[in-house]
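# Structural overview
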4 protein chains.
Amino acid sequence: MNERTPKKGLRPRKAPSQPRSEETVAAIIEAAAQVLEAEGFDGFNTNAVAARAGVSIGSLYQYFPGKDALTVALIRREMKRFYDDVAIALAMHNGEDALTYLLGAAVRQQLQRPRLARLLDIEEGRPALRDEVAKPELEQMTTEIIKRAIPQHASPEVAAADLFAMVRGIVDAAGERGETDMAYLEYRVRAAVFGYLANTGTA
Amino acid sequence: MNERTPKKGLRPRKAPSQPRSEETVAAIIEAAAQVLEAEGFDGFNTNAVAARAGVSIGSLYQYFPGKDALTVALIRREMKRFYDDVAIALAMHNGEDALTYLLGAAVRQQLQRPRLARLLDIEEGRPALRDEVAKPELEQMTTEIIKRAIPQHASPEVAAADLFAMVRGIVDAAGERGETDMAYLEYRVRAAVFGYLANTGTA
Amino acid sequence: MNERTPKKGLRPRKAPSQPRSEETVAAIIEAAAQVLEAEGFDGFNTNAVAARAGVSIGSLYQYFPGKDALTVALIRREMKRFYDDVAIALAMHNGEDALTYLLGAAVRQQLQRPRLARLLDIEEGRPALRDEVAKPELEQMTTEIIKRAIPQHASPEVAAADLFAMVRGIVDAAGERGETDMAYLEYRVRAAVFGYLANTGTA
Amino acid sequence: MNERTPKKGLRPRKAPSQPRSEETVAAIIEAAAQVLEAEGFDGFNTNAVAARAGVSIGSLYQYFPGKDALTVALIRREMKRFYDDVAIALAMHNGEDALTYLLGAAVRQQLQRPRLARLLDIEEGRPALRDEVAKPELEQMTTEIIKRAIPQHASPEVAAADLFAMVRGIVDAAGERGETDMAYLEYRVRAAVFGYLANTGTA
DNA sequence: GATGAATGAGGATTCATTCAT
DNA sequence: TATGAATGAATCCTCATTCAT
């Protein structure tokens, strides 16, 4: 499957109606997570995922039209948790508190399963998946939070993108090095983020 | 080639002594860069590289014991330029100037061939390559520069790692979005880095 | 590979330059013929063809970008012989002789390897291959021969198409029934063709 | 399912006694026709047929022991209409009229759903089905008609086979080219058939 | 009877690597 | 040394068929 190949289905093949199916789908996605975590990209193949999920390869393809669709589903599953956190942050009155909460959530999530998070970050960037996993609302919501925290900021959209990128960079690298002290990491992330905002805020 | 596979040679097979060989090796490495840039991981295969380099696949294997060795060579080539910049920075007297210079160099390099840079950043993280492309001196030198810029900083090693990671994060993301305004990007990177240092410096 | 799938390469992958390659290509095509003949469509898979040719599956794909390309090559090989016969017929002065010669050639060819001929006739009709195996010159040349044999014929193009179709129909069916008496078959084919022309000629 | 595989049931699994079953069976067969027509062999799979029929795949297998049995049923359904026409022809007193009527019926039927007809003609030839869809009576009846039309014909059995084959050849090809003018096509078919008979009749 | 989830053998294709020439 | 033909393990994916519910 080449990069320019006209897309193929990346959405789940069928909404699993029976409860049995739902379990199967969840099992496959979690198996994908585990395989990716344990074997890296090299070992991340559909047969391994099916085997780890305890289902046949045929079942996997009943629910996902292809490997990429499975990856997308996994990314979405992980993204969802963050979404919820963003919503919580948005509900806060104080902008700075909201941003702080968000950073904590990001650190927590990324350090929960660091390798998985890092590998999925990479997958997200693949041209074949990019459209499917784009998160416009997420960025909009983050922009909104920044506006509240630093009302006078000149370009909150750019700031949102930069902050996403730098947080991801710092936390992924920390996870890769095996860091586990979340408090310390959170402290540094806050330092980076608020430092960035302080220095770019008053354009 | 599995992640746990007992390593294989990742060093160039022979120090090309003859000038013709040197050219060949350079041509292969540049071809690898171009293929990676143009086709992404999906199209990055040894046959394509050999073809683009205008040499036979057999010749490629004469100079590189395997695909990973080729990747490593490419990473090293890109790293070298940065090395030189770090050396220049180290020669500067004023610590802040040195750091500023370094950030500029990083931005410049990363935005020169943004996609290549980003893909190589990913490759660097692969377990199979990590040992071969580790850059202890680089980190040490950067740490040294930070020490000079912020003498009282509590943990310059951690700072060096974080700064590497955040700069890479910001610049890779900017490249991916197609940004080309280096001055603006540099400004933001400086904001992030000096903001981080300001907030973590006085432990 | 669906019927509407945007085409894929159907031309041989590389013009085999070395003599060794040429042999390999020929061996693969003949193996394809034999497998198709012996096993029918059901057994006609690339692995079987490679095995029968005594080459690895990889070699097959070095020369043919896909299964269909192999089929096309086989069809072309068979077509070529007929082409030559049409050329010979075209060189004849007497139109009826030319047509008679052509019919004989068609019968001979089709009865040489009857099952292969019949299965390839079917393959030719597959939408995925149709464009690649179209034979406009062949039809043009046949039309020309008909014009010479029956100068006053109202619509020689239609006649050419009909004659192709009926000859193919009769001979394929005869082959399927295991007929081997070429003279008798040829006699009947001539009866059909000249009967058709006699009855449609004077529009 | 290989060509030599010891046969499997090709007859419908149960004579559907209840009216509801009969409808279901008919729906499945018509769905098979539509799928074959619309997607060609590539898309002709049991799941697609069941879906198009609006029944579950399980139900399909309740009525047909396998895919081939479904194909056979479809072929039989199409054959039946022709059977009736042959019977009508047989009831005619004048042999030539009978033959003419038969040809018209053949053209009409084949041009009704040309693609379906052509694909079923191919399926009929598959060794796995051949025995199940042989039509000895049909050929016998046709032979009878020929005998009446051309009493002195030397080998009416051979003629019957040839005529079947050439009519099928001409009409299938016409359908493939998208012809729709039935009168013109019928005229040419008559020309071919009566021409053939005229030229072979007086052995 | 009907359903549709599950199965897994089978088949197409890729690509890193070797080795005879 | 260079070449490029050959290799085959690995991987993706399909679809006829079964069977528990």
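The shown structure was predicted, so the numbers you read here are calculated from the model rather than taken from an experiment.

We now examine the relation of the copies chain A and chain B. Overlaying chain A with chain B gives an RMSD of 0.2 Å, the required rotation being 179° about an axis along which the chain moves by 0.0 Å. Such a combination of rotation and displacement between the chain copies is what one expects of a two-fold axis. Scanning chain A for the C-alpha nearest the rotation axis identifies G195 of chain A, at a separation of 1.8 Å. Interface residue correspondence from chain A to chain B reaches 97%, placing this contact among same-surface, isologous pairings.

A few words on the protein's contact with DNA strand E. Residues in close proximity to DNA strand E total 40 residues, the closest being T24, G58 and Y63 of chain A, T46 of chain B together with Y61 of chain C. Side-chain polar atom of S59 of chain D to a phosphate oxygen of DNA strand E: 2.9 Å apart, as the coordinates give it. Interatomic distance of 3.3 Å between a side-chain N/O atom of Y63 of chain D and a phosphate oxygen of DNA strand E. Those elements giving two or more residues to the surface near DNA strand E turn out to be α1 (19-43) and α3 (57-63) of chain A, α2 (46-53) and α3 (57-63) of chain B, α2 (46-53) and α3 (57-63) of chain C together with α3 (57-63) of chain D. Of the residues that constitute the surface near DNA strand E, the class distribution is 10 nonpolar, 21 polar and 9 charged.

Let us now look at the side chain of R126 of chain D. Inspection of the secondary structure assignment puts R126 of chain D in the loop between α6 (114-124) and α7 (127-133). In this structure R126 of chain D comes out as buried when scored by relative accessible area, which is 19%. The contact partners of R126 of chain D, leaving out residues within four places of it in the chain, are D42 of chain C together with D68 of chain D.

Let's shift gears to the domain arrangement of chain A. Residues and elements named next belong to chain A. Here chain A is described as being made up of domain 1 (19-65) and domain 2 (77-201). With centres defined by C-alpha atoms, the gap from domain 1 to domain 2 works out at 28 Å. Residue-level contacts link 11 residues of domain 1 with 8 residues of domain 2. Taken together, both faces of the contact between domain 1 and domain 2 bury some 820 Å²; the carbon and sulfur share is 60%. Of all residues in domain 1, L36, E37 and F41 give up the largest surface area on contact with domain 2, accounting jointly for 62% of the area buried on that side. At the surface where domain 1 touches domain 2, the tally comes to 3 salt bridges. The partner of E30 in a salt bridge is R77, with the nearest N and O atoms 2.8 Å apart. In this assembly, domain 1 and domain 2 are joined by 4 residue pairs in polar contact (both at pLDDT 80 or more).

At the interface, 35 residues of chain A touch 35 residues of chain B. Summed over both sides, the interface of chain A with chain B buries roughly 2,700 Å², with 47% coming from carbon and sulfur. Inspection of the region where chain A meets chain B yields 6 salt bridges. The closest approach of N and O atoms between D162 of chain B and R188 of chain A, which form a salt bridge, is 2.6 Å. Put simply, chain A and chain B have 10 residue pairs in polar contact (both at pLDDT 80 or more) between them. Of the residues forming the side of chain A that touches chain B, the biggest block, 10 residues, is contributed by helix α10 (residues 182-201) of chain A. In terms of residue class, the side of chain A that touches chain B is built from 16 nonpolar, 8 polar and 11 charged.

Procedures and definitions
- Residues numbered from 1 in each chain as written.
- Chains lettered and ligands numbered in written order.
- Predicted model: local features only at pLDDT ≥ 70, side-chain atom pairs only at ≥ 80, totals over all residues.
- Heavy atoms only, no water.
- Least-squares fit on C-alpha atoms with pLDDT ≥ 70 in both.
- Contact = heavy atoms within 4.5 Å.
- Near = heavy atom within 4 Å.
- Polar contact = N/O pair within 3.5 Å; in protein donor to acceptor, adjacent residues only side chain to side chain.
- Helix = DSSP H or I, 4+ residues; strand = E, 2+ residues; numbered from the N terminus.
- Nonpolar A, V, L, I, M, F, W, Y, C, P; charged D, E, K, R; others polar.
- Buried < 20%, exposed > 50% of the residue type's maximum accessible area, 1.4 Å probe, protein only.
- Domains from an automatic or database assignment.
- Buried area = accessible area lost by both parts, 1.4 Å probe.
- Salt bridge = Lys/Arg side-chain N within 4 Å of Asp/Glu carboxyl O.

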